Amino acid sequence: MKTLALRIIVGMTVLTTVFIWGNSFQNSEDSNAVSSVVVETMEKITESEAADTKLNIFVRKAAHLLEFALLGALLAMIKAISGRFSCFAVLFVSLAVAVADEMIQHFNGRTDSVTDIALDFGGALCGIAIIVLAAAVRRRTKTASKKT
């Protein structure tokens, strides 16, 4: 069971990385078009017109944060299940994917940014923190149930 879970999570990690990098291979126009669809949907839901440019930037940054939070969570789960990787390896892979993401954008004629790397890495840290907290709660719950 543990091996199957590990294989599934590794597969999800690979797919998440491919998704992240795949988005970076899009040209600026295609990438903006995707963000614009989300912005238009948000405006319809909230029944308000937002400053399109500011909301578009927010949506793009939030997407980066969420993508990398998922990546960080998956990497932390791989470490927790396998026990083979150090915390440093999880952090390094998260940062390496973020740097590679910006390099892909740079060589694809899009804007690259150190700030985006920091945002991506921050997202990964959030995902890692969620898994660490969930593991701590699980351990505490198991310990409490053994005492009763």
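A few points on the structure. (Residues numbered from 1 in each chain as written. Predicted model: local features only at pLDDT ≥ 70, side-chain atom pairs only at ≥ 80, totals over all residues. Heavy atoms only, no water.)

### Things to note about the overall build of the protein
- In terms of helices and strands, the protein carries 5 helices and 0 strands.
- Its helices and strands taken in sequence order, the protein reads α-α-α-α-α from the N to the C terminus.
- Its C-alpha atoms put the protein at 55 × 40 × 25 Å along the principal axes.
- For the protein, long-range pairs separated by at least 24 residues make up 71% of all intrachain contacts whose partners lie at least 6 apart in sequence. (Helix = DSSP H or I, 4+ residues; strand = E, 2+ residues; numbered from the N terminus. Contact = heavy atoms within 4.5 Å.)

### Quick notes on the packing of helix 1 (residues 2–24) against helix 4 (residues 87–107)
- Between helix 1 and helix 4, whose axes approach to 8 Å, the crossing angle comes to 25°. Of the possible angle classes, the one that applies to helix 1 and helix 4 is roughly parallel. Crossing hand, helix 1 versus helix 4: right-handed. Taken together, the residues of helix 4 that come into contact with helix 1 (itself represented by T17, I20, W21 and S24) are V97, A100, D101, I104 and Q105.
- Considered class by class, the residues forming the contact of helix 1 with helix 4 number 5 nonpolar, 3 polar and 1 charged. (Axes fitted to C-alpha atoms, helices over the stretch in contact; angles between N-to-C directions. Parallel < 35°, antiparallel > 145°, perpendicular 65-115°, else oblique. Left-handed = near helix turned anticlockwise from the far one by under 90°. Nonpolar A, V, L, I, M, F, W, Y, C, P; charged D, E, K, R; others polar.)

### Thoughts on a nonpolar patch on the surface
- Together, M1, L4, I8 and M12 line one region of the surface with nonpolar side chains, adding up to about 470 Å² of accessible area.
- Among the structural elements, L4 can be located in helix 1. (Patch = residues over 30% accessible without salt bridge, like charges linked within 9 Å, V, L, I, M, F, W, Y side chains within 5 Å. Areas by Shrake-Rupley, 256 points an atom, 1.4 Å probe, with all protein chains shown as cover. Salt bridge = Lys/Arg side-chain N within 4 Å of Asp/Glu carboxyl O.)

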